[in-house]
Amino acid sequence: MSERKQFRDLAAPAEAHDAIASLDLDPGTESLPLDAAAGRVLTERVDATLDVPGFDRSALDGYALHARETFGATETDPATFDVVGIVEAGERPTVDLDPGEAVEIATGAVMPPDADAMVAVERTDRIGSEGAADDETSADGGGAASDAGGERVAVRTSVTPGENVMPAGADIAAGERALGPGTRLTAREIGLLAALGVEEVPVRAKPRVGIVSTGDELVRVGEDLDSEAGQIYDVNSNATAAAVREAGGEPVVYPHAGDDYDELERVLREAAAECDLVCSSGSTSASAVDVIYEVIEEQGDLLLHGVAIKPGKPMLVGQLEGSAYVGLPGYPVSALSIFRTFVASAIREAAGVPEPATATVRGRMAVEERAEEGRHRLVPVGLVENGAGETLVYPVDKGSGATTSLVEADGIVEMPAEVAYLDAGEAVTVDLFSPDVRPPTLLGVGEDDPLLSRLLDRIDRPRYLSVGSRAARRWLRDGVPDVVAVTGDTDELDADTTEIGGWTRGWGLVVPPDNPDDVAGLADLVDRDLAFVNRPTASGLRTSLGNALADLADERDADRRDLVDAIDGFDFTLEAHESPARRVVAGGADVGLGLRATAEKLDLGFVPIGEETVRVLAASDRMEKSGVAALDSVLGDLDALCADLPGFRDHRNR
């Protein structure tokens, strides 16, 4: 009778985890067409290369016109316009607006180039040639008319420039950070990439897992089975292959190997040469006929043999031919238990697939959320953990037409029709978009900034919302984000906020190459007929511009409002930091508010006005969160990150 060999000292489960974690399962990267990329993980940041939408579009059915011609219009004293055409969705406008003219326009249609606002059809009445309201074509009579010729429209409200218009880039703008490395591509992210026209994406390759079943008693499914000879079907090859797929790997099933040493060695070497990980099942015990541990011990590197766990004690961990190796027990229940407990997580990590979770999460509302009464509402929400490890739920909604709302949300909170609001602190149940959803390691809000995008690239699974400095301060006071990036004075912030870093950035006026209009400074915007594109009021750049205009007003002993009113386009704003510059590139403006780095990136001219400081502030009770700690660490390397960003520098080096 052959001599039996005893197990080595059984390892604790933690040692088994450590042994498997020490193995290299990195599958590398590959480029995939978008229609094959679902479920994969990005290896590089994807920036928007075009505006979405790519044109200024109508948000409603109604009439496009000049906003200034509606000023003073009321229900009892409407402004009237000649209707000179119709623009349907998907067609190019062919009309130019003269004073007193309007164009009927459909939802989603391209705004005529001369129109700067549109009024909803519900706030208008069509007027016949005699000046009376036409019941059949009024808002109360069923919507906008289809025949615009010879008609007039009465507008019963005033609108401001940009009202009811979704400007180019309002959803996501060219140059804006769309998705970061480490993002798993679900249907939501695929939709965003499709909106950006991305054809191929760089993703992590799936780790190839070779599957080898051993044992002379095994028969593959579909082959003849001799039960009287003690044969059984090979369960583990199929079950393990399915488990590998579930974990995000690519299973490669090799021919069945018996208990012969030479055959086992041949099959294992073949699998090791072709795969990132080899998983065998069976032949791992200490009996004389179970020889697979001898193959690994003699031909490779045996790291572990036997784990103090039930089921699954006979387990091997090692290396062979440069490939990672895990030997699973022969019994299917034991094999799957060991695989799920120890191996699946390693495959998921190599593939970038998050750990599975339940499909719902309980949390507390971070802020109050109100809903339109009488309607059942599905509120997109994001998740973040506070310093105490509690899950906070915050609304995420940029409008039904914005694909980024889906990417920035983790799930849905339902508000029944009878619920008018959810209180801050109220417990809610979140229906996750996927069981794989996890709260981001870092939630940040604030300025849209190119250096910040570089910082985020170095952090695992961050989420950042470019809401501007003003809104970021409000979010921080409400206790929602982990960090904010804001400009301006921070002395008024609460004592429970910690500044962890910051930088200065050069800002000014972005102009066409060679500055054909010889723009020299803000005075030219005030004194000359130059079309200007601004940033929103929440933006730090907008605040810096306002302060600079106030200084100019003081120099001239003038009223700041008069200077603002003199600037053509001061109230016309675009959301992302590159958007005004890209409007200049397209010929839609003479001057845009922007950064030196943006101007040089786009080969534009730049007129410097000043510098502003961006400060990164963290909630003090969240300094121990992994994402906050990672950001704090990365901020220590600002000099290197600023090296090729013109106008940027660590503010401590001023």
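Residues numbered from 1 in each chain as written. Predicted model: local features only at pLDDT ≥ 70, side-chain atom pairs only at ≥ 80, totals over all residues. Heavy atoms only, no water.

## Quick notes on the pattern of salt bridges
Now for step 1: Applying the stated rule across the entire model yields 34 salt bridges.
Now for step 2: Residues Asp 125 and Arg 156 are paired through a salt bridge, measuring 2.7 Å at the closest nitrogen-oxygen approach. Remark: Arg 156 occurs in the loop between strand 9 (152–155) and strand 10 (165–166) and Asp 125 occurs in strand 8 (residues 124–127); sequence separation between them is 31 residues.
Now for step 3: Judged by relative accessible area, which is 15%, Asp 125 ranks as buried.
Now for step 4: According to the relative accessible area criterion, Arg 156 is buried, its value standing at 11%.
Now for step 5: Between Arg 505 and Glu 447 there is a salt bridge, with the nearest N and O atoms lying 2.8 Å from each other. Remark: Glu 447 occurs in the loop between strand 28 (442–446) and helix 8 (450–457) and Arg 505 occurs in strand 31 (residues 497–511); sequence separation between them is 58 residues.
Now for step 6: Overall, Arg 505 belongs to the buried group, its relative accessible area being 1%. (Salt bridge = Lys/Arg side-chain N within 4 Å of Asp/Glu carboxyl O. Helix = DSSP H or I, 4+ residues; strand = E, 2+ residues; numbered from the N terminus. Buried < 20%, exposed > 50% of the residue type's maximum accessible area, 1.4 Å probe, protein only.)

## Here we look at helix 1 (residues 13–21)
Now for step 1: Within helix 1, burial applies to Ala 16, Ala 19 and Ile 20. Seen from one end, helix 1 has its buried residues packed into an arc of 95°, which puts them on one side. Those residues of helix 1 that are exposed and angled more than 90 degrees off the buried face are Asp 18 and Ala 21.
Now for step 2: Next to the buried residues of helix 1 lie strand 18 (301–305), strand 19 (316–320), strand 20 (323–328) and helix 6 (332–351). (Arc of directions from axis to C-beta. Contact = heavy atoms within 4.5 Å.)

## Topic: unusual backbone geometry
With glycine set apart, most residues show a phi of negative sign, and most peptide bonds adopt trans.
Now for step 1: With an omega of -5°, the peptide bond between Val 52 and Pro 53 qualifies as cis.
Now for step 2: Here Asp 514, not a glycine, exhibits a phi torsion of approximately 70°, which is positive.
Now for step 3: Checked against the element boundaries, Asp 514 lands in the loop between strand 31 and helix 10 (522–527).
Now for step 4: Unlike most non-glycine residues, Asp 518 shows phi in positive territory, near 55°.
Now for step 5: Considering the arrangement of structural elements, one finds Asp 518 in the loop between strand 31 and helix 10.
Now for step 6: By relative accessible area, which is 59% here, Asp 518 ends up exposed.

## Quick look at the pairing of strand 6 (residues 101–105)
Now for step 1: Within strand 6, 5 of the 5 residues are buried, which leaves it mostly tucked inside the rest of the structure.
Now for step 2: Side-chain alternation along strand 6 places Glu 101, Val 103 and Ile 105 on one buried face and Ala 102 and Glu 104 on a second face that is also buried.
Now for step 3: Relative to strand 6, strand 5 (residues 79–87) runs parallel, the two sharing 4 bridges. Residue pairing in the sheet places Val 87 in a bridge with Ile 105 of strand 6. (Pairing = 2+ DSSP bridges.)

## Focus on a negative patch on the surface
Now for step 1: A cluster of acidic side chains, namely Asp 61, Glu 88, Glu 91 and Glu 122, defines a negative patch on the protein surface.
Now for step 2: Along the chain, Glu 88 falls in the loop between strand 5 and strand 6.
Now for step 3: When its relative accessible area of 40% is taken as the criterion, Glu 88 is described as partly exposed. (Patch = residues over 30% accessible without salt bridge, like charges linked within 9 Å, V, L, I, M, F, W, Y side chains within 5 Å. Areas by Shrake-Rupley, 256 points an atom, 1.4 Å probe, with all protein chains shown as cover. Lys, Arg positive; Asp, Glu negative; His and termini not counted. Charge placed at Lys NZ, Arg CZ, Asp CG, Glu CD.)

## Re the environment of Arg 561
Now for step 1: One can find Arg 561 in helix 12 (residues 560–566).
Now for step 2: A residue is classified by how much of its surface remains accessible, and Arg 561, at 39% relative accessible area, is partly exposed.
Now for step 3: C-alpha of Arg 561 to C-alpha of Leu 549: the two residues are 12 residues apart in sequence and 9.2 Å apart in space.

## Looking at the sheet that holds strand 8
Now for step 1: The mixed open sheet is built from 6 strands, whose spatial order is 7-4-6-5-9-8. Strands with a single pairing partner mark the edges of an open sheet, and in this sheet they are strand 7 (117–120) and strand 8. In this sheet, adjacent strand axes meet at a mean angle of 40° when their direction is disregarded.
Now for step 2: Here strand 4 (residues 62–65) pairs with strand 6 via 3 bridges, running antiparallel. Across the sheet, residue Ala 64 finds its bridge partner in strand 6, namely Val 103. (Axes fitted to C-alpha atoms, helices over the stretch in contact; angles between N-to-C directions.)

## A look at the packing of helix 4 (residues 261–274) against helix 5 (residues 292–299)
Now for step 1: Viewed as axis vectors pointing N to C, helix 4 and helix 5 meet at an angle of 60°, and their least axial separation amounts to 10 Å. Taken together, helix 4 and helix 5 sit at an angle that is classed as oblique. Both helix 4 and helix 5 take part in a crossing whose hand is right-handed. Listed contacts from helix 5 to Tyr 261, Leu 264, Glu 265, Leu 268 and Arg 269 of helix 4 are Ile 292, Glu 294, Val 295, Ile 296, Glu 298 and Gln 299.
Now for step 2: A per-class count over the contact of helix 4 with helix 5 returns 6 nonpolar, 1 polar and 4 charged. (Parallel < 35°, antiparallel > 145°, perpendicular 65-115°, else oblique. Left-handed = near helix turned anticlockwise from the far one by under 90°. Nonpolar A, V, L, I, M, F, W, Y, C, P; charged D, E, K, R; others polar.)

## Comments concerning the packing of aromatic side chains
Now for step 1: Considering all chains together, one arrives at 1 aromatic pair under this definition.
Now for step 2: Geometrically, the ring pair formed by Tyr 394 and Trp 475 is edge-to-face, given 5.8 Å between the ring centres and 65° between the ring planes. Taken together, the residues Tyr 394 in strand 24 (residues 391–395) and Trp 475 in helix 9 (residues 468–477) connect sequence positions 81 residues apart. Note on accessibility: Tyr 394 and Trp 475 belong to one class, buried. (Phe/Tyr/Trp six-rings, centres within 6.5 Å; stacked < 30°, edge-to-face > 60°.)

## A word on the packing of helix 3 (residues 235–246) against helix 6
Now for step 1: It is the contact of helix 3 with helix 6, at a shortest axis distance of 10 Å, that shows an interaxial angle of 25°. Compared by their axis directions, helix 3 and helix 6 come out roughly parallel. Helix 3 and helix 6 meet at a crossing whose hand is right-handed. Two secondary-structure elements touch here, helix 3 through Val 235, Asn 236, Ala 239, Thr 240, Ala 243 and Val 244 and helix 6 through Pro 332, Ala 335, Leu 336, Phe 339 and Ile 347.

## With respect to the confidence of the model for the protein
Now for step 1: Averaged over all residues, the pLDDT of the protein is 86; the fraction at 70 or higher stands at 88%.
Now for step 2: Taken together, the stretch residues 1–7 has pLDDT below 50 and engages in 15 contacts with residues farther than four places along the chain or on a different chain.
Now for step 3: In the model, residues 135–148 has pLDDT below 50 throughout and makes 31 contacts with residues more than four positions away in sequence or in other chains. (pLDDT = per-residue confidence, 0-100.)

## Looking at the environment of Thr 498
Now for step 1: Structurally, the position occupied by Thr 498 is in strand 31.
Now for step 2: The spatial distance from the C-alpha of Thr 498 to the C-alpha of Ala 619 is 6.3 Å, given a sequence separation of 121 residues.
Now for step 3: One polar contact links Thr 498 to Ser 620, side chain to side chain, over a distance of 2.8 Å. (Polar contact = N/O pair within 3.5 Å; in protein donor to acceptor, adjacent residues only side chain to side chain.)

## Notes on the sheet that holds strand 23 (residues 377–385)
Now for step 1: Here 5 strands make up a closed barrel; going around it, the order is 21-24-23-25-27 and the pairing mixed. Sheet twist, expressed as the mean angle between neighbouring strand axes with direction ignored, is 50°.
Now for step 2: Two strands pair when backbone bridges link them, and strand 21 (residues 360–365) and strand 24 are joined in this way by 2 bridges, in the parallel orientation. Of the residues in strand 24, the one forming a bridge with Met 365 is Val 393.

## A look at the nonpolar core
Nonpolar side chains in soluble globular proteins generally cluster together in the buried interior.
Now for step 1: If you look at the biggest cluster of nonpolar residues, it comprises 47 residues, and the most contacted ones within it are Leu 455, Trp 503 and Leu 631.
Now for step 2: Here this core gets 6 residues from one element, more than from any other, and that element is helix 11 (residues 540–556).
Now for step 3: Counting residues in hydrophobic clusters, the runner-up holds 31 residues, among them Leu 23, Leu 277, Leu 328 and Ala 350. (Core = buried A, V, L, I, M, F, W, Y, C linked by side-chain atoms within 4.5 Å.)

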